[in-house]
Amino acid sequence: MAFLKDFKEFAMKGNIIDMAVGVIIGGAFGKIVSSLVNDIIMPVVSIFTGSEGLKNMKYVIVQGREAVADGEAAVEEVAVNYGMFIQNIVDFLIIAFSIFVALRVIMKFKRKEKEAEVAAAAAPAEPTKEEVLLTEIRDLLKEQSKK
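Conventions adopted
- Residues numbered from 1 in each chain as written.
- Predicted model: local features only at pLDDT ≥ 70, side-chain atom pairs only at ≥ 80, totals over all residues.
- Heavy atoms only, no water.
- Helix = DSSP H or I, 4+ residues; strand = E, 2+ residues; numbered from the N terminus.
- Rg over C-alpha atoms; globule rule 2.2 N^0.38 Å.
- Contact = heavy atoms within 4.5 Å.
- Salt bridge = Lys/Arg side-chain N within 4 Å of Asp/Glu carboxyl O.
- Buried < 20%, exposed > 50% of the residue type's maximum accessible area, 1.4 Å probe, protein only.
- Patch = residues over 30% accessible without salt bridge, like charges linked within 9 Å, V, L, I, M, F, W, Y side chains within 5 Å.
- Areas by Shrake-Rupley, 256 points an atom, 1.4 Å probe, with all protein chains shown as cover.
- Expected span 1.5 Å × (residues − 1).
- Lys, Arg positive; Asp, Glu negative; His and termini not counted.
- Charge placed at Lys NZ, Arg CZ, Asp CG, Glu CD.

**Observations regarding the overall build of the protein chain**
A count of helices and strands for the protein chain gives four helices and two strands. Along the chain direction, N to C, the helices and strands of the protein chain fall in the order α-α-β-β-α-α. Computed over its C-alpha atoms, the radius of gyration of the protein chain comes to 34 Å, more than 25% above the 15 Å expected for a compact globule of 147 residues. Overall, the protein chain is about 130 × 55 × 20 Å in size when its C-alpha atoms are taken along their principal axes. Here the contacts in the protein chain between residues at least 6 apart in sequence split such that 42% fall between residues at least 24 apart.

Quick look at the structure:
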């Protein structure tokens, strides 16, 4: 019973909703970045590499063969798909850079906000009307006591 209560408290926190929204947006952003890499960047890279694209670059260990009529079984190709690995690295770098830039912008705004709060706290507060009146009364009493 305590487990369910703890889970309910955890699930109802505002941060969970923010995190869920972040995951959904992150998934959509990942699709956009994958499309950017697959459809725009990699075709340009394939011009320079002279191949059909990084995705198709591989090192074949065992050549694949189809089954033949005399009973020889088919053999699947065994290959190291290093092109796909390079493409995934490019995906990761673009996503990481985008997140870095977004966080940097957010931190810049938070830093400015914090500096404004510190500046406001450091400035001496204006005395209230009561404080001004009490100060005048104190000064008058000092003058009277000197006489």
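What follows picks up the thread again.
**Let's talk about the pattern of salt bridges**
Applying the stated criterion to the full structure yields two salt bridges. A salt bridge links Glu-77 to Lys-58; the nearest nitrogen and oxygen atoms lie 2.7 Å apart. Highlighted residues: Glu-77 in the loop between β1 (59-62) and β2 (78-80) and Lys-58 in the loop between α2 (14-49) and β1, separated in sequence by 19 residues. Take Lys-58: its relative accessible area is 37%, and that puts it in the partly exposed class.

**Quick word on a nonpolar patch on the surface**
Together, Tyr-59, Ile-61, Val-62, Val-78, Val-80, Tyr-82, Phe-85, Ile-86, Ile-89, Phe-92 and Leu-93 line one region of the surface with nonpolar side chains, adding up to about 1,000 Å² of accessible area. Mapped onto the nonpolar patch, the elements with two or more residues apiece are β1, β2 and α3 (82-122). Of all the elements, α3 adds the most residues to the nonpolar patch, at six residues.

**Some details on α3**
The terminal C-alpha atoms of α3 lie 58 Å apart, and with 41 residues this matches the ideal 60 Å at 1.5 Å per residue to within 8%. Every buried residue of α3 is accounted for by Gly-83, Gln-87, Asp-91 and Ile-94.

**Some remarks on the environment of Ile-95**
Summarising the element assignment, Ile-95 is placed in helix α3. The exposure class of Ile-95 is partly exposed, given its relative accessible area of 26%. As a C-alpha pair, Ile-95 and Gly-30 span 65 residues in sequence and 7.2 Å in three-dimensional space. Beyond its immediate chain neighbours, meaning those up to four positions away, Ile-95 contacts Phe-29, Gly-30 and Val-33.

**Re a positive patch on the surface**
On the surface, a cluster of positive charge is made up of Arg-104, Lys-108, Arg-111 and Lys-112. Tracing the backbone through its elements, the reader meets Arg-111 in helix α3.

**Some points on the side chain of Asp-91**
Mapped onto the fold, Asp-91 is located in helix α3. Discounting chain neighbours no more than four positions away, the residues touching Asp-91 are Val-33, Ser-34 and Val-37.

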